[in-house]
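Given next are the chains, with one letter for each unit.
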Amino acid sequence: MRISILYMSVTGHTEEMSHEIAEGIIEAGCECYLCNIFKSELDKEAVSSSCGVIFGSPVYLATLPWQMQQFFETGCKDFDLAGKLGGAFATAHYAQGGADTAIMSMLGILLVKGMLVYSGGSALGLPFIHHGPVALDKEGAHFDTSREMFRAFGRRFAAKCQELFGEKHR
């Protein structure tokens, strides 16, 4: 069972956290395809054969950067996301920097594309991940202490894919 993580990373922070999510996915027994959509060529077959896709973005001006919005508008046209499990995460400088706004923007787009949306919610206990995980690089040690939350999100996302899609994607 494969899960893809498609992200935009300029400073490396979003990329670091995508690798943490990937570790959780692998710990849960799934394969993971990672792609920085602005630095690498996207393997459309890997995404098409995935049961779930997680999108990650830095936050600019309290929302998605225009490049990420453009990817959703034009870059996703060559593969079908409908019916797949979708999730989102963000990296930002500060707690009030707009990470929730960016995540909610991505989740709304995923719904429009016909994806099932997963958040990780508080029902699974600590760490509470309401809309998707966030790592803050200017808030003390938050960035590094967030790593386990991102791995937990990966494990939970993979478990939900296994529950929903089971043998279909093995």
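Residues numbered from 1 in each chain as written. Predicted model: local features only at pLDDT ≥ 70, side-chain atom pairs only at ≥ 80, totals over all residues. Heavy atoms only, no water.

*Asks:* Before we move on, can you summarise the pairing of strand E4 (residues 85-92) with the specific residues and values?
*Replies:* Burial of E4 is extensive: eight of the eight residues sit out of reach of the surface. Here E4 shows a buried face lined by Leu85, Gly87, Phe89 and Thr91 and a second buried face lined by Gly86, Ala88, Ala90 and Ala92. Looking at chain direction, strand E3 (residues 52-58) and E4 are connected through seven bridges and run parallel. Opposite Phe55, over in E4, you have Ala88 as the bridge partner. (Buried < 20%, exposed > 50% of the residue type's maximum accessible area, 1.4 Å probe, protein only. Helix = DSSP H or I, 4+ residues; strand = E, 2+ residues; numbered from the N terminus. Pairing = 2+ DSSP bridges.)

*Asks:* Go over helix H1 (residues 13-27) with me, naming the residues and quoting the values.
*Replies:* End to end, H1 covers 22 Å across 15 residues, agreeing with the expected 21 Å (1.5 Å per residue, within 8%). Within H1, the full set of buried residues consists of Thr14, Met17, Ser18, Glu20, Ile21, Ala22, Gly24 and Ile25. Looking one or two places after H1, you find Gly29, whose phi comes out positive at around 95°. (Expected span 1.5 Å × (residues − 1).)

*Asks:* With reference to specific residues and values, describe the pattern of salt bridges.
*Replies:* Under the defined criterion, the tally for this structure stands at 10 salt bridges. A salt bridge links Glu16 to Arg147; its shortest N-O distance comes to 2.5 Å. Of this pair, Glu16 sits in helix H1 while Arg147 is found in helix H6 (residues 147-165), placing the two residues 131 residues apart along the sequence. Looking at Glu16, the relative accessible area reads 32%, which means it is partly exposed. Here Lys160 makes a salt bridge to Glu163, at a shortest N to O gap of 3.2 Å. Taken together, the residues Lys160 and Glu163, both in helix H6 and three residues apart, mark about one turn of the helix. A relative accessible area of 57% means that Glu163 is categorised as exposed. Each member of the salt-bridge network shares a partner with another, and the members are Glu16, Glu20, Glu27, Asp144, Arg147, Glu148, Arg151 and Arg155. (Salt bridge = Lys/Arg side-chain N within 4 Å of Asp/Glu carboxyl O.)

*Asks:* Describe in detail the packing of aromatic side chains, supporting the description with residues and values.
*Replies:* Following the criterion strictly, the structure yields six aromatic pairs and no others. When the ring of Tyr118 is compared with that of Phe153, the centres are 6.2 Å apart and the planes differ by 40°; the resulting orientation is tilted. Placement of the pair is Tyr118 in the loop between strand E5 (116-117) and strand E6 (134-136) and Phe153 in helix H6, with a sequence separation of 35 residues. Its relative accessible area of 0% is what places Phe153 among the buried residues. Here Tyr118 and Phe157 contribute two aromatic rings whose centre-to-centre distance is 5.8 Å and whose plane-to-plane angle is 80°, an arrangement assigned as edge-to-face. Taken as a pair, Tyr118 in the loop between E5 and E6 and Phe157 in helix H6 lie far apart in primary sequence, 39 residues in all. Just as Tyr118 is buried, Phe157 falls in that class too. Among the aromatic residues, ring-to-ring pairing joins Phe55, Phe71 and Phe72 into one connected group. (Phe/Tyr/Trp six-rings, centres within 6.5 Å; stacked < 30°, edge-to-face > 60°.)

*Asks:* Provide a residue-level description of the UniProt feature "domain: Flavodoxin-like" (unreviewed entry) in the protein, including the pertinent values.
*Replies:* The UniProt feature table records "domain: Flavodoxin-like" (unreviewed entry) at residues 3-158. Split by type, residues 3-158 is 38% helix and 20% strand. Its first and last C-alpha atoms lie 7 Å apart. (UniProt positions renumbered as here; feature names shortened; annotations may be inferred.)

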